[in-house]
Amino acid sequence: MSYRTAESLRSVTLDDVRGARKMLSGVARVTALEGSRYLSRLVGAPVHLKCENLQRTGSFKLRGAYVRIAGLLPEERAAGVVAASAGNHAQGVALASSLLGVHATVFMPQGAPLPKVSATRDYGAEVRLHGQVVDETLAAAEEYAARTGAVFIHPFDHPDVIAGQGTVGLEILEQCPEARTIVVGMGGGGLAAGIAVAVKALRPDVRIVGVQAEGAACYPPSLAAGRPVSLRNPATMADGIRVGRPGVVPFGIVGELVDEVRTVSEDELSAALLLCLERAKLVVEPAGASPVAALLAAPESFDGPVVAVLSGGNVDPVLMQRVLRHGMAAQGRYLAVRLRLTDRPGALATLLGVLSAADANVLDVSHVRTDPRLGLTEAEVELHLETKGPAHCAELGRALRDAGYTVIA
């Protein structure tokens, strides 16, 4: 059964969202709304974090997946469901299917992070690894649905899914009735569309701001064209919002109800993830941190109280390590330098002494003595340093030059 039927193209209403909320009672958690003093000081108004990273399966995706599958006819449930995802939607479909007694087959890219693959299996789904990118995985899932009769559960392009995601908006208005701005990350647009449907029906004065990664921002050109436009090669560390084309259903809602769509850089995403971890003590994936990235990028442009939706926390530990290091570098708290020195006993110790005197913490040292680029008496050293900010980085550069070292990079 194809998801793109006349039913799938109908609009989504407040009543749909309210019905979804009843359906999700006892299934999805009412996630916490936590205040952020740091962001509040930055914005100049109260800022709250809606912690969907603490939802069951680690993201908001359970809401939409459960509502969609629960609404299937008995014969559709008997045929099973199929989905394609790199992580969050996969886990949402797997758990929802398990709770409803429906067999789920989930296609995931061959390079999907192992923790997400394992979690999807643990929630009860049959996992099939196919393709190198999500588009190839999606095509395989749709072919499987056509061949077997399984119902394809789209991650964002269906009104039932959007209604389920919209329950986040109802919770926000109850937890923060004075909210004036809601900031939410966007990939295909299901979450932003659902929140907008719920919030604008009850509080049309609340401003909804969508946030996309610069390298996967499919909405700005699509909104400008008046129709969904495909990006050729969407690229961002935020895999949860790395979508090359808006969904048909959410696109119509976003165009009507979302007030603004902004973009954030990879550096801003890294800094936001680091801030969530250090200041809020919350593990958030890059996609989930995108609203915080937007607040950091232009804090003066948001009217408060502001609610930033942390949409997910399923971050691969390997990616987390890279992103944290990238975030520290973006804040001037991590510095990689390469330089040459005379290859003689004690030369490396002397260099480390210079760095110690400048109060730099050495994380890693790579010492190369044999390389065609080096002279007979030269050695090359690459150092990874933990620093205290941009001013400290500049101070370290001066200290090395004053000591007679030539910094290559």
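In this text the structure is predicted, and so the values were computed from the model without any measurement. (Residues numbered from 1 in each chain as written. Predicted model: local features only at pLDDT ≥ 70, side-chain atom pairs only at ≥ 80, totals over all residues. Heavy atoms only, no water.)

Within the protein chain one finds 16 helices and 14 strands. Expected size for 409 residues packed as a compact globule is a radius of gyration near 22 Å; at 24 Å, the protein chain falls within 12% of this value. Seen through its principal axes, the protein chain has C-alpha atoms that stretch 80 × 50 × 40 Å. Sequence-distant contacts in the protein chain: of pairs separated by 6 or more residues, those separated by 24 or more amount to 73%. Surface accessibility of the protein chain: about 17100 Å² in total, with carbon and sulfur atoms responsible for 51%. The averaged location of the 42 negative side-chain charges in the protein chain is 2 Å from the averaged location of its 40 positive side-chain charges. (Helix = DSSP H or I, 4+ residues; strand = E, 2+ residues; numbered from the N terminus. Rg over C-alpha atoms; globule rule 2.2 N^0.38 Å. Contact = heavy atoms within 4.5 Å. Areas by Shrake-Rupley, 256 points an atom, 1.4 Å probe, with all protein chains shown as cover. Lys, Arg positive; Asp, Glu negative; His and termini not counted. Charge placed at Lys NZ, Arg CZ, Asp CG, Glu CD.)

Turning to helix H7 (residues 134-148), a few remarks are in order. When the terminal C-alpha atoms of H7 are compared, their 21 Å separation across 15 residues agrees well with the 21 Å that a helix rising 1.5 Å per residue should span. Considered for burial, the residues of H7 that qualify are Thr137, Ala140, Ala141, Tyr144 and Ala145. Down the axis of H7, the smallest arc covering the buried residues is 140°, so these residues share one side. Seen from the open side of H7, the exposed residues pointing more than 90 degrees away from its buried face are Asp135, Ala146 and Arg147. Phi turns positive one or two residues past the end of H7, at Gly149, with a value near 90°. (Expected span 1.5 Å × (residues − 1). Buried < 20%, exposed > 50% of the residue type's maximum accessible area, 1.4 Å probe, protein only. Arc of directions from axis to C-beta.)

What follows is about the pairing of strand S5 (residues 126-129). Pairing analysis gives 4 bridges linking strand S4 (residues 104-108) to S5, with the strands arranged parallel. Of the residues in S5, the one forming a bridge with Val106 is Val127. The handedness of the S4 to S5 crossover, carried by helix H6 (residues 114-122), is right-handed. (Pairing = 2+ DSSP bridges. Right-handed = clockwise from strand over helix to strand, strands pointing away.)

For side chains bearing opposite charge, pairing can occur when the charged atoms are close. Counted under the stated rule, the structure contains 13 salt bridges. Residue Glu174 is joined to Arg21 by a salt bridge in which the shortest nitrogen-to-oxygen separation is 2.6 Å. Taken together, the residues span a long stretch of sequence, with Glu174 in helix H8 (residues 159-175) and Arg21 in helix H1 (residues 14-24) at a distance of 153 residues. Residue classification places Glu174 among the exposed positions, given a relative accessible area of 53%. Asp359 is paired through a salt bridge with Lys388; the nearest N and O atoms lie 2.2 Å apart. Taken together, the residues span a long stretch of sequence, with Asp359 in the loop between helix H15 (347-357) and strand S12 (361-368) and Lys388 in the loop between strand S13 (378-386) and helix H16 (390-402) at a distance of 29 residues. According to the relative accessible area criterion, Lys388 is exposed, its value standing at 59%. Residues participating in the shared-partner salt-bridge network are Lys50, Glu52, Arg63 and Glu171. (Salt bridge = Lys/Arg side-chain N within 4 Å of Asp/Glu carboxyl O.)

Looking now at a nonpolar patch on the surface. On the surface, a cluster of nonpolar side chains totalling about 170 Å² of accessible area is made up of Leu352, Val362 and Val365. Relative to the helices and strands, Val362 is located in strand S12. (Patch = residues over 30% accessible without salt bridge, like charges linked within 9 Å, V, L, I, M, F, W, Y side chains within 5 Å.)

This part is about the side chain of Ser222. Residue placement: Ser222 occurs in helix H10 (residues 219-225). Setting aside anything within four residues of it in sequence, one finds Ser222 in contact with Arg227, Pro228, Val229, Pro246 and Phe251.

Within a sheet, adjacent strands bond to each other through the backbone by hydrogen bonds, running parallel or antiparallel. Strand order in the open sheet formed by 4 strands is S5-S4-S3-S6, and the pairing between neighbours is parallel. Strand pairing shows two members of the sheet lacking a second neighbour, S5 and strand S6 (151-152), which therefore form its edges. Pairing analysis gives 2 bridges linking strand S3 (residues 81-84) to S6, with the strands arranged parallel. Directly across from Val81, in S6, lies its bridge partner Val151.

All right, on to the sheet that holds S12 then. The sheet built from 4 strands is open, its strands ordered S12-S13-S11-S14 with antiparallel pairing. The open sheet terminates on both sides in strands that have one partner only, identified here as S12 and strand S14 (406-407). Bridging between strand S11 (residues 334-342) and S13 involves 9 bridges; their strand directions are antiparallel. Across the sheet, Tyr334 pairs through a bridge with Glu386, a residue of S13. Sheet contacts for H15: S11, S12 and S13; angle to S13, the most-contacted strand, approximately 30°. (Axes fitted to C-alpha atoms, helices over the stretch in contact; angles between N-to-C directions.)

This next bit is on the packing of aromatic side chains. What the rule picks out here adds up to 2 aromatic pairs. Across the ring face of Phe302, the terminal group of Arg262 is positioned such that the distance to the ring centre comes to 4.4 Å. (Phe/Tyr/Trp six-rings, centres within 6.5 Å; stacked < 30°, edge-to-face > 60°. Lys NZ or Arg CZ within 6 Å of the ring centre and 35° of its normal.)

A separate point is the confidence of the model for the protein chain. Residues at a pLDDT of 70 or more form 95% of the protein chain, whose mean pLDDT is 90. Segment residues 1-9: pLDDT under 50, and 20 contacts once partners within four positions in sequence are set aside and those in other chains are kept. (pLDDT = per-residue confidence, 0-100.)

Below, the discussion takes up the pairing of strand S7 (residues 181-185). Taken across its 5 residues, S7 has 5 buried, putting it largely inside the fold. Residues Thr181, Val183 and Gly185 of S7 are buried on one face, and the alternating residues Ile182 and Val184, pointing to the opposite face, are buried as well. Here S7 pairs with strand S8 (residues 207-213) via 5 bridges, running parallel. Paired with Thr181 across the bridge in S8 is Arg207.

As a further point, take the environment of Leu339. By secondary structure assignment, the location of Leu339 is in strand S11. What makes Leu339 buried here is its relative accessible area of 0%. For Leu339 and Gly64, which are 275 residues apart along the polypeptide, the C-alpha to C-alpha distance reads 53 Å. Setting aside residues up to four positions removed in sequence, Leu339 forms contacts with Leu351, Ala379, Glu380, Val381, Leu383, Leu400, Tyr405, Thr406, Val407 and Ile408.

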